[in-house]
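Here is how the chains run, residue by residue.
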Amino acid sequence: MAPLHSSRISRRGALGAAGLVAGSALLVPGMRRAGGSAWAHQIYDQDLVIDLAVEPPTLDPALVYESDGWSVIHSIYDALVQFGPDGSLEMVLAESMAQVDPRTWEITLRPDITFHNGEPLDAAAIAFSISHLLDPETASQVAGNFQVIEEVEEVNSLTARLHLSAPAPWLPSVMAPWLALLPPVYAGDPANEFAKNPVGTGPYRFVRWDRGSRIALERNDDYFGNSAKGEPASESVAFRFVPDATTRVTDLVSDTSQLVRAVPFDELETVEATAEVVAQPIAGCSFVRIPTDVAPFDNGMVRQALNHAVDVEAIIATLLGGHGVRLPNVFVPGGLGYDEDLSPHTYDPELAKQLLADAGYPDGFNTRLAYTTGDRADLAAAIAGQLGAAGIDVELEPVETATFNATWQDPEAAPLRFLTWRPLYDPYTLLSLVISNTGFLSRYDNPEAQALIEAGAVEPDPEERDRIYRELGNVLHDSPAGIYLWSLTSFYGVDRDAPPWTPRPDDWILPLVAEGTL
């Protein structure tokens, strides 16, 4: 898998190298060395303010489904594993993780780690966290991805074995975002309301949540300093929730915030005048989901027509500054299933019109396209405009993120949905939730694709899984599950006096400095 590289954009030229952003470890105003700690860099001794676009509805890791929420969750909690910059699995709380056989995973935890309340990290935390995620009362949308776990055997205080109902080579990929370990005693007591008052093992401790405004954290002095995940960059952090992108830019240039999410492309010059822009390629994709369970989208020619009607290359050039690779399906560079020899659909509006006519819609049709209020409205508008030029009249529907996530299968919701999905080093989660005909978020059904999805889910050999997914990619190209768009790049605004910070290919904004940027 090819590594992803971040870059910094400024009028002075490229300022960063792979993984190096927001300065080096030189002492700058507002920073000091961390007294008595093992940190290899200076700790920012002011409040590091980070503007995110979306406020998480809860701080229960099992109920968070997007990057802004994960940014907060994984600042407080740690997972067993994470994906590294090149897509390889890296140990976080796990000291090791191995397949004893295709249906058994053995996990050994790092020793001498405690939760923020003093509870020891042990195998019971693995068992409790999985049980919580699977509990029907938790109502996690991703519980289905963990139901393959039939039993958690606590071998000893630091070792657990997961006994599975079927081979699940993808299991670590769903553990990385969702299996943040909970303290069993604390989280098991309903009086503590851990979803509002979280206690983890992570680099920051929870301080306060001002609903609708911010979440305040403070550095965990006892953090074990995982070299893969990183070390705290600041004494304290405030995650602010600012849905409007222009307001986030204003916060940055006025020094109200030091790090902001999703700088619009047309405001890059505004940011560059006083701050830096970090362009980070993300292991993810953007596409417009098309259902197959409702006319006219049950007709494959209509779905093909939609793909030929959108000038993806023009959108990349004009609205994304050339950042991103046009995709022929949902698989991305650096991830399983990506086939660089498979060509994307050509931009051909006349062919799109002909396909619509052949499908019985010579005059086109009307439809609706939903996107979240945290997404860029200009991208959705550009797609709608190009569909309109091919005879498909599209009504745009901006939707709050919580409502968007609750209406994936709602027949009354807009049939077309503009979305992004990351990380996609292992595409199992996207395939199982959104493409599979059994998926919790799916309205797509194709028997040939389904057989390949199911085969890839149980294939233990990585090379054979990759081959299966490449074959699946061809099926999804010819019988589209969406309008396939581009690979993702995130644009962050960073104050020039901000502490060192390491962007991530999963798009979580963690106020950490990873090894290699110290």
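Residues numbered from 1 in each chain as written. Predicted model: local features only at pLDDT ≥ 70, side-chain atom pairs only at ≥ 80, totals over all residues. Heavy atoms only, no water.

**Q** Summarise the pairing of strand 16 (residues 365-372); cite the residues concerned and give the values.
**A** Side-chain direction in a regular strand flips from residue to residue, so the side chains alternate between the two faces of the sheet. Most of strand 16 sits out of view: six of its eight residues are buried. With eight bridges connecting them, strand 16 and strand 17 (residues 392-399) associate as parallel partners. Each bridged residue has a counterpart across the sheet, and for Leu 369 the counterpart in strand 17 is Leu 396. (Buried < 20%, exposed > 50% of the residue type's maximum accessible area, 1.4 Å probe, protein only. Helix = DSSP H or I, 4+ residues; strand = E, 2+ residues; numbered from the N terminus. Pairing = 2+ DSSP bridges.)

**Q** Lay out the confidence of the model for the protein with the relevant residues and their values.
**A** Within the protein, residue pLDDT values average 89, and 91% of them lie at 70 or more. In this model, residues 1-39 is a region of pLDDT below 50 whose contacts with residues beyond four sequence positions or in other chains number 101 contacts. (pLDDT = per-residue confidence, 0-100. Contact = heavy atoms within 4.5 Å.)

**Q** Go over the sheet that holds strand 9 (residues 159-164) with me, naming the residues and quoting the values.
**A** In spatial order, the strands read 6-7-9-8; together these four strands make up an open sheet with antiparallel pairing. The open sheet is flanked by strand 6 (94-101) and strand 8 (149-156), the only strands paired with a single partner. Taken pair by pair, the neighbouring strands of this sheet meet at an average axis angle of 20 degrees, ignoring direction. Looking at chain direction, strand 8 and strand 9 are connected through six bridges and run antiparallel. Residue pairing in the sheet places Asn 156 in a bridge with Thr 159 of strand 9. Contacts between helix 2 (residues 123-134) and the sheet are confined to strand 7 (104-109), strand 8 and strand 9, with strand 8 contributing the most and set at about 165 degrees to the helix. (Axes fitted to C-alpha atoms, helices over the stretch in contact; angles between N-to-C directions.)

**Q** Explain the pairing of strand 6 to me, and be specific about the residues and the numbers.
**A** Here strand 6 runs beside strand 7; their pairing, made up of six bridges, is antiparallel. Paired with Ala 94 across the two strands is Leu 109, which belongs to strand 7. Linking strand 6 back to strand 7 in an antiparallel pair, the connection comprises two residues.

**Q** Quick one: what's the story with the nonpolar core, residue by residue and with numbers?
**A** The biggest cluster of nonpolar side chains holds 140 residues, and the ones touching the most others in it are Leu 80 and Leu 171. Here this core gets seven residues from one element, more than from any other, and that element is strand 19 (residues 482-495). Once residues lying within four places of it in the same chain are set aside, the contact partners of Leu 171 are Trp 105, Asn 145, Phe 146, Val 148, Ile 149, Leu 162 and Leu 164. Membership of the second largest hydrophobic core comes to ten residues, among which are Val 249, Leu 252, Val 260 and Ala 279. (Core = buried A, V, L, I, M, F, W, Y, C linked by side-chain atoms within 4.5 Å.)

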